[in-house]
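Residues per chain, in single letters:
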Amino acid sequence: AGWPRLKGLIQPTVQKAFYRGSNLVVVGLDVDDSDWIAPSKAFERQIEVSREIESALARLPPGHGLAVLVAAAVPCREAWLDFLTGGSSSEASWHQRDIKRPGKLLRVELKKKIYRSERPDRATEEATIEHAVRDLPSRWKSLHSHFPCGLGPLFAHFSAS
């Protein structure tokens, strides 16, 4: 959906989570090899996302207790799903392959593998994600070791819990 759409979703999502009694919101960004992973741009994007989250939290009552964590699907969500469904994707393997072939071609191949379509509908995506994360607690450390950049904040939060 891109940054403008995400920016517009943070405030209502945080409010909805608070009023439903949640204590944690996870913002998952599917960065698709964007400039998120370039060192200078990564810092800029993190600051922008952090500002939106801080603004949303500031609108809640004091002492709300809601935590918001960001996970960036580096290099893309399909790489995480490939790993979780028995594939060999990782941040390191992606970058090694990406030297030989553009990331967009790899993403198309992964979409076909994961969803059996280059353009899956929302229901297919959601069903695939639900299936992939069923045994996530048992594979959490392994997922983090394969995708340390995108999962760092989440891993730190849940490891401390």
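Along each chain, numbering runs from 1 in the same order as the chain's sequence is written. Given that the model is predicted, a residue must reach a pLDDT of at least 70 before its local features are reported, and side-chain atom pairs must reach 80 or more before they are shown or counted; all residues, however, enter totals for whole chains, interfaces and linings. No hydrogens and no water enter the side-chain calculation; it runs on all heavy atoms of the structure.

Novice: Whenever I open this one, the packing of aromatic side chains confuses me. Can you help?
Specialist: When we look at a pair of aromatic rings, we describe it by the centre distance and by the angle of the planes. What counts as a ring pair is set by centres within 6.5 Å for rings of Phe, Tyr and Trp (its six-membered ring), and what kind of pair is set by the plane angle: stacked under 30 degrees, edge-to-face over 60, tilted for all other angles. Applying the stated criterion to the full structure yields three aromatic pairs. Look at Trp80 and Phe147: their rings are 6.3 Å apart centre to centre, the planes differ by 70°, and that puts the pair in the edge-to-face class. One end of the pair, Trp80, is in helix α3 (residues 77–84); the other, Phe147, is in the loop between α7 (136–146) and α8 (148–160), and 67 residues separate them in sequence. Assessed through its relative accessible area of 15%, Trp80 is described here as buried. Ring plane angle 75° and centroid distance 6.1 Å describe the contact between Phe83 and Phe147, whose orientation is recorded as edge-to-face. A residue pair is termed long-range when its members are at least 10 positions apart, and Phe83 in helix α3 and Phe147 in the loop between α7 and α8 qualify at 64 residues. The burial state of Phe83 is the same as that of Phe147; both residues are buried. An aromatic cluster is defined as three or more aromatic residues linked by ring pairs; in this entry it consists of Trp80, Phe83 and Phe147. A helix here means a DSSP run of H or I that spans at least four residues, while a strand means a run of E at least two residues long, and both kinds are numbered starting from the N terminus. Think of it in three bands: residues with accessible area under 20% of the maximum for their type are buried, residues over 50% are exposed, and the middle band is partly exposed, with areas taken using a 1.4 Å probe on protein chains only.

Novice: What am I meant to see in the pairing of strand β1 (residues 24–30) here?
Specialist: A regular strand carries its side chains on alternate faces of the sheet. Going residue by residue along β1, you find Val25, Val27 and Leu29 tucked away on one face and Leu24, Val26, Gly28 and Asp30 left uncovered on the opposite face. Two strands make a pair as long as DSSP finds a minimum of two bridges between them. Bridging between β1 and strand β2 (residues 67–73) involves seven bridges; their strand directions are parallel. Note that in β2 the partner of Val25 across the bridge is Val68.

Novice: What exactly am I supposed to notice about the nonpolar core here?
Specialist: Soluble globular proteins tend to bury their nonpolar side chains together. For the purposes of this section, nonpolar cores are sets of buried Ala, Val, Leu, Ile, Met, Phe, Trp, Tyr and Cys residues that join through side-chain atoms within 4.5 Å. Counting 18 residues, the largest nonpolar core has Ala79, Trp80, Trp94, Leu143, Phe147 and Leu151 as its most contacted members. Where this core is concerned, the elements lending two or more residues are β2, α3, α5 (103–115) and α7. With five residues, α3 is the largest single contributor of residues to this core. Aside from chain neighbours lying at most four places away, what touches Leu143 is Phe83, Leu84, Leu136 and Leu151. Residues are treated as being in contact if the distance between any of their heavy atoms lies within 4.5 Å.

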